[in-house]
Amino acid sequence: MKKQFILAGAGLFLVSILFFFGRTTSNKKVATTTEEGKTPGKTFDIQQYIVQEKAKLSPDRVVLLSKLENSVSRGDVLSQQIKANEALANFWKDSVNLYEPYAFYTSLASKLVNSEKNLTFAARIFLGNLRGERMRQN
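Residues numbered from 1 in each chain as written. Predicted model: local features only at pLDDT ≥ 70, side-chain atom pairs only at ≥ 80, totals over all residues. Heavy atoms only, no water.

Caption draft 1: Geometry of the packing of aromatic side chains. Enumeration according to the criterion identifies four aromatic pairs in this entry. With 5.5 Å between their ring centres and 50° between their planes, Phe-44 and Tyr-49 make a pair best called tilted. For Phe-44, a relative accessible area of 57% translates into the label exposed. With a centroid separation of 5.6 Å and an interplanar angle of 80°, the aromatic rings of Phe-91 and Trp-92 are classed as edge-to-face. A relative accessible area of 4% means that Phe-91 is categorised as buried. For Trp-92, a relative accessible area of 0% puts it in the buried group. (Phe/Tyr/Trp six-rings, centres within 6.5 Å; stacked < 30°, edge-to-face > 60°. Buried < 20%, exposed > 50% of the residue type's maximum accessible area, 1.4 Å probe, protein only.)

Caption draft 2: Looking closely at the packing of helix 2 (residues 46-55) against helix 5 (residues 99-113). Between helix 2 and helix 5, the shortest axis-to-axis distance is 10 Å and the interhelical angle comes to 130°. Classified by the interaxial angle, the pair formed by helix 2 and helix 5 is oblique. The hand of the helix 2/helix 5 crossing is left-handed. From helix 2, Ile-46, Gln-47, Tyr-49 and Ile-50 reach across to helix 5, where they touch Glu-100, Pro-101, Phe-104 and Tyr-105. (Axes fitted to C-alpha atoms, helices over the stretch in contact; angles between N-to-C directions. Helix = DSSP H or I, 4+ residues; strand = E, 2+ residues; numbered from the N terminus. Parallel < 35°, antiparallel > 145°, perpendicular 65-115°, else oblique. Left-handed = near helix turned anticlockwise from the far one by under 90°. Contact = heavy atoms within 4.5 Å.)

Caption draft 3: Representation of the nonpolar core within the structure. Counting 17 residues, the largest nonpolar core has Ile-50, Leu-57, Leu-65, Phe-91, Trp-92, Val-96 and Tyr-105 as the members making the most contacts within it. Mapped by element, the contributors of at least two residues to this core are helix 2, helix 3 (59-69), helix 4 (77-96) and helix 5. The element best represented in this core is helix 4, accounting for five residues. Look past the residues within four positions of Tyr-105 in its chain and what remains in contact with it is Ile-50, Glu-69, Asn-85, Leu-88, Ala-89 and Trp-92. (Core = buried A, V, L, I, M, F, W, Y, C linked by side-chain atoms within 4.5 Å.)

Caption draft 4: The packing of helix 3 against helix 4, seen in detail. Helix 4 packs onto helix 3 with a crossing angle of 160° between their chain directions and a minimal axis gap of 9 Å. Between helix 3 and helix 4, the crossing angle belongs to the class labelled roughly antiparallel. Pair helix 3 / helix 4 crosses with left-handed handedness. Side by side, helix 3 and helix 4 meet where Arg-61, Leu-64, Leu-65, Leu-68 and Glu-69 of the first sit next to Ala-84, Ala-87, Leu-88, Phe-91, Trp-92, Ser-95 and Val-96 of the second. Grouping the constituent residues of the contact of helix 3 with helix 4 by class yields nine nonpolar, one polar and two charged. (Nonpolar A, V, L, I, M, F, W, Y, C, P; charged D, E, K, R; others polar.)

Right under this line is the structure:
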């Protein structure tokens with residue numbers, strides 16, 4: 001009987017040493033990066049996408065878009081940036097009917113407002129669109 005307690009105590013001791021000093025998580029594969037610091041494969045750059053879509057717009061819409069982008073001046077810059085980003089989001093949503101720039105500018109405005117209500121709204125926009133996305137096979 002004494003021998004069983006000694007073996008049980010030794011086993012408990014070894015398990016506790018392994019638990020506290022051993023590796024308790026598996027190795028996570030880290031994506032290798034290229035020389036430029038980007039992950040290999042295709043990445044989405046929203047700024048580049050917006051530039052590409054601007055090139056497709058008519059000249060009058062480009063003028064309107066430029067006015068919206070450059071509407072921030074001196075004074076209360078934060079509120080002007082919020083209004084400009086909201087106007088840009090509405091432009092991309094209503095006039096051009098593109099989701100990605102709309103979501104981008106909505107998220108920028110929400111970050112600037114920094115209220116839980118606005119951040120939740122932006123998150124719901126993203127999640128609502130994500131549900132509609134199909135999984136793409138490479």
